[in-house]
Amino acid sequence: MRWTGPLPAIRLARPRPRLPGSRRGRRAFAAQALVAFGGVSAVLQFVGLLFPEAVSRPAPVLAGSLALCLAWGLARTRPQAAVRQDFARPGMTVVVEEGDLFDQPGHLVVGFTDTFDTVVDDGSVINDASVQGQLLARRYAGDVRRLDAELTAALRGVAPRVSESARDKPRGKRERYPLGTVAVLGTRPRLVFAVAYSRMGNDCVASSGVQDLWIGLERLWDAVRRHGQLERVTMPLTGAGLARLHDLDENSLLRLILLSFVVHSWERVVCRELRVVVRPGELGRIDLPETGAFLSGLAAGARRHV
């Protein structure tokens, strides 16, 4: 079904990293070590009743018990690197993992602004470290003319919303397309879905909002369904970079993306696998166990929906 109501509420929360040395990580480690200590103590008492000679040397037993408790605590609180959820209905898989976005096979999602600017020469329009800048460098070998030619061909059937004057916007492109416009670039099996979800200011500063991103995602899934032939799609944590979408932290932003994808998949399968790849620097700000629980809840909701 198409989501026609107001944007679903996404709980805004401070990032809660599960990194070694963090307060939350230390608490979790201490709790798991205490659980292990209780279990080991019970086992030692039982063994001591049956085999007193086995615990007659307290120092080695204590050292071994402490080592076992520490190992258990570390194993149970080790930060996750990925979450995977299979959906029986509709048949699809969602993966959230750390990695290099451009090393992944399959189709790729890249966020653009409403002007589809591409210039990265001095970083004043498009930052060369952004996902879009990396797209130009790694998929197009820095050939901006080729990228612009593919964008022009893909946007040929879309009427610009407005055209800026050279005086108002002296740098970059001046034709503005509606938010949610998707330009499909390249060829299968490695299409690029360039989705406009942010506005490029005349000062070349991009900005976006939650509703803008939701609209962009809605149009994106439609384009993936039409052109992707159910093949694997990989995307970054769209909105977490230079689009300045400050209303959501990384956890809430990720949930918004996942919710949008699952809601649209209820109507018709978008693709067989969606993979959200986060940069190593972003992973520490994402609570993957909570993400796993969120996906599990969506999978249960999908079963009820069907």
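Bear in mind that the values here come from a model prediction, so they are computed numbers and not experimental data.

So, on to the overall build of the protein chain. Summing up its helical and strand segments, the protein chain has 8 helices and 10 strands in all. Excluding contacts between residues fewer than 6 apart, the proportion of contacts in the protein chain whose partners are at least 24 apart in sequence is 73%. Approximately 15500 Å² of the protein chain is accessible, and the part contributed by carbon and sulfur atoms is 56%.

Using the criterion set out here, one finds 19 salt bridges in the structure. Of the charged contacts in the structure, one is a salt bridge between Glu273 and Arg232, with a shortest N-O distance of 3.7 Å. Of this pair, Glu273 sits in strand β10 (residues 273-278) while Arg232 sits in the loop between α5 (210-227) and β9 (233-235); the two residues are 41 residues apart in sequence, bridging distant segments of the chain. The exposure class of Arg232 is partly exposed, given its relative accessible area of 23%. In this structure, Glu290 and Arg255 form a salt bridge, with 2.9 Å as the shortest nitrogen-oxygen distance. Of the two residues, Glu290 is situated in helix α8 (residues 288-305) and Arg255 in helix α6 (residues 250-267); the sequence distance between them amounts to 35 residues. Residue Glu290 is classed as partly exposed on the basis of its relative accessible area, which comes to 23%. Because the salt bridges share partners, they merge into one network encompassing Glu97, Arg232, Glu273 and Arg275.

This model, assessed by the stated rule, comprises 3 aromatic pairs. Their ring planes at 80 degrees and their centres at 5.8 Å tell us that Phe116 and Tyr177 sit as a pair that is edge-to-face. One end of the pair, Phe116, is in the loop between β3 (107-113) and α3 (131-138); the other, Tyr177, is in the loop between β5 (175-176) and β6 (182-185), and 61 residues separate them in sequence. On the basis of relative accessible area, Phe116 is assigned to the buried category, the value being 1%. Taking 5.1 Å as the distance between ring centres and 70 degrees as the angle between the ring planes, the aromatic pair formed by Trp221 and Phe261 counts as edge-to-face. With Trp221 in helix α5 and Phe261 in helix α6, the pair connects residues that are 40 residues apart, well separated along the chain. Across the pair, Phe261 and Trp221 agree in class, each one buried. Among the aromatic residues, those joined into a ring-pair cluster are Phe112, Phe116 and Tyr177.

Moving on, we come to the pairing of β3. In terms of residue burial, β3 counts as a mostly covered element, since 7 of its 7 residues are buried. Side chains of β3 alternate between two faces, with His107, Val109, Gly111 and Thr113 and Leu108, Val110 and Phe112 buried alike. Judged from the 2 bridges that link them, β3 and β9 form a sheet pairing that is parallel. Its bridge partner being in β9, His107 is matched across the sheet by Val233.

Where β6 lies against strand β7 (residues 192-200), 4 bridges are found, and the strand directions are antiparallel. Along β7, the bridge assignment pairs Ala183 with Ala194. Taking the residues that link successive antiparallel strands as the turn, the β6-β7 hairpin has 6 residues, and the phi of Gly186 there is positive, at about 80 degrees.

Once that is clear, we can look at the environment of Leu237. By the element assignment, Leu237 lies in the loop between β9 and α6. The exposure class of Leu237 is buried, given its relative accessible area of 4%. Separated by 13 residues in the primary sequence, Leu237 and Glu250 place their C-alpha atoms 7.9 Å from one another.

In contact at an axis separation of 10 Å, α5 and α6 are set at 40 degrees when each is read in the N-to-C sense. Of the possible angle classes, the one that applies to α5 and α6 is oblique. In this structure, α5 meets α6 at a crossing whose hand is right-handed. Residues Val210, Leu213, Trp214, Leu217, Glu218, Trp221 and Arg225 of α5 form the contact with α6, whose own contacting residues are Leu253, Leu256, Ile257, Leu259, Ser260, Phe261, His264 and Glu267. Residues of the contact of α5 with α6, tallied by class, amount to 10 nonpolar, 2 polar and 3 charged.

In this model, the protein chain carries an average pLDDT of 80, and 69% of its residues clear a pLDDT of 70 or more. Least confident of the elements in the protein chain is helix α1 (residues 23-50), whose mean pLDDT is 58; most confident is β6, at 98. Within the model, pLDDT remains below 50 along residues 7-22, and this stretch shows 43 contacts once partners closer than five positions in the same chain are excluded.

Here the focus is unusual backbone geometry. Arg89 connects to Pro90 through a cis peptide bond whose omega is -5 degrees. Following the sequence through the fold, Pro90 ends up in the loop between β1 (82-87) and β2 (92-98). Residue Arg188 is joined to Pro189 through a cis peptide bond whose omega torsion reads 10 degrees. One non-glycine residue, Phe116, lies in the positive phi region at around 50 degrees. Positive phi is not limited to glycine here, since Ala141 has a value of about 50 degrees.

The rules behind the values
Residues numbered from 1 in each chain as written. Predicted model: local features only at pLDDT ≥ 70, side-chain atom pairs only at ≥ 80, totals over all residues. Heavy atoms only, no water. Helix = DSSP H or I, 4+ residues; strand = E, 2+ residues; numbered from the N terminus. Contact = heavy atoms within 4.5 Å. Areas by Shrake-Rupley, 256 points an atom, 1.4 Å probe, with all protein chains shown as cover. Salt bridge = Lys/Arg side-chain N within 4 Å of Asp/Glu carboxyl O. Buried < 20%, exposed > 50% of the residue type's maximum accessible area, 1.4 Å probe, protein only. Phe/Tyr/Trp six-rings, centres within 6.5 Å; stacked < 30°, edge-to-face > 60°. Pairing = 2+ DSSP bridges. Axes fitted to C-alpha atoms, helices over the stretch in contact; angles between N-to-C directions. Parallel < 35°, antiparallel > 145°, perpendicular 65-115°, else oblique. Left-handed = near helix turned anticlockwise from the far one by under 90°. Nonpolar A, V, L, I, M, F, W, Y, C, P; charged D, E, K, R; others polar. pLDDT = per-residue confidence, 0-100.

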